[in-house]
Amino acid sequence: RNLTKLHGTYIEGIHDLVDARGRVHTKFNQDVTRTGRLSSVDPNLQNIPNIERDKWRLRTAFIASPHMTLLVHDYNQLEMRLLAAGAREKDMIDIFLRNWDIHMGNASMMMGIPYDELVEAKKIDKKVKDGLLQSLALTERVMYCLVARASAKNIGFGLNYGMGAGKLAVDLGITRAEAESKIAQYKRTYPAVTKFYEECVRTTLQTGYSFTILGRRRNLPGIASSRNDER
């Protein structure tokens, strides 16, 4: 499914969007998404696989005109920053105030791994990928640190979007029981986040809508549905 989507959108689909000069021009929408964020269409430049997951190097197909520059901007871990602020989770806020990588910080908090060790593991992994170090540098401990960060990242982002243990198990290649254990570990580490999730759902059930810190409403009538999948 993922391959078909990439092929249809960025290989076949891109040809229909090329102008007379052989270039493409995305359109940015300011008021289309229900969440209020900026969106991109024809082509959707926000949906290209990130550098780490761009196995087919699709990003290299986008090249600026001569004497022009292509800028790539992204919110830096925006969802996790909003979560920390909304939940008022002190330990998570402290991670940002220290200017730490949030996923390494979460892994450190959850699994008791020194933050500096997680940073060093990430550096070793990058050097191996860049051909500056041999794969032997990826020791068992280094791999443990890399998996810890990946797990923390998956859990942190996933729970924000309602991910369950089944999806996490598939993403991490672990059993459902192991996934449930990791989610429980995350929730124990950040009790204010757990409370925040529960309050958001409870308030939305009562009112039929959710709202941002600044009061922007989003109606969610499906939360009261008798169908489990729609809820």
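Above this text you will find the structure in question.
Residues numbered from 1 in each chain as written. Predicted model: local features only at pLDDT ≥ 70, side-chain atom pairs only at ≥ 80, totals over all residues. Heavy atoms only, no water.

### Focus: the nonpolar core
Ranked by size, the top nonpolar core spans 34 residues in total, and within it Met80, Leu83, Met92, Tyr186 and Val193 carry the most contacts. Mapped by element, the contributors of at least two residues to this core are α2 (78–87), α3 (90–97), α4 (102–111), α5 (115–129), α6 (140–160), α7 (165–172), α8 (176–189) and α9 (191–207). Sorting elements by how many residues they give to this core places α6 first, with seven residues. Once residues lying within four places of it in the same chain are set aside, the contact partners of Tyr186 are Met80, Leu83, Met92, Asn106, Met110, Ile155, Gly156, Leu159, Val193 and Tyr197. Of all hydrophobic cores here, the second largest spans six residues; its members include Leu6, Ile14, Ile48 and Leu58. (Core = buried A, V, L, I, M, F, W, Y, C linked by side-chain atoms within 4.5 Å. Buried < 20%, exposed > 50% of the residue type's maximum accessible area, 1.4 Å probe, protein only. Helix = DSSP H or I, 4+ residues; strand = E, 2+ residues; numbered from the N terminus. Contact = heavy atoms within 4.5 Å.)

### Examining the side chain of Ser108
With respect to the helices, strands and loops of the structure, Ser108 is situated in helix α4. The class of Ser108 is buried, set by a relative accessible area of 16%. Once residues within four sequence positions are removed from consideration, Ser108 is found in contact with Ile113, Pro114, Tyr115 and Leu118.

### Digging into α4
Quick reminder: α-helices carry 3.6 residues per turn. Residues three or four places apart thus point the same way. Burial analysis of α4 places eight of its ten residues in the buried class, the great majority of the element. Within α4, burial applies to Ile102, His103, Met104, Gly105, Asn106, Ala107, Ser108 and Met110. The inward-facing, buried residues of α4 contact α2, α3, α5, α6 and α8. Backbone nitrogen of His103 and a side-chain oxygen of the N-cap are separated by 3.0 Å at the start of α4; the cap is Asp101. Residue Gly112 follows α4 closely and has a positive phi angle near 70°. (Polar contact = N/O pair within 3.5 Å; in protein donor to acceptor, adjacent residues only side chain to side chain.)

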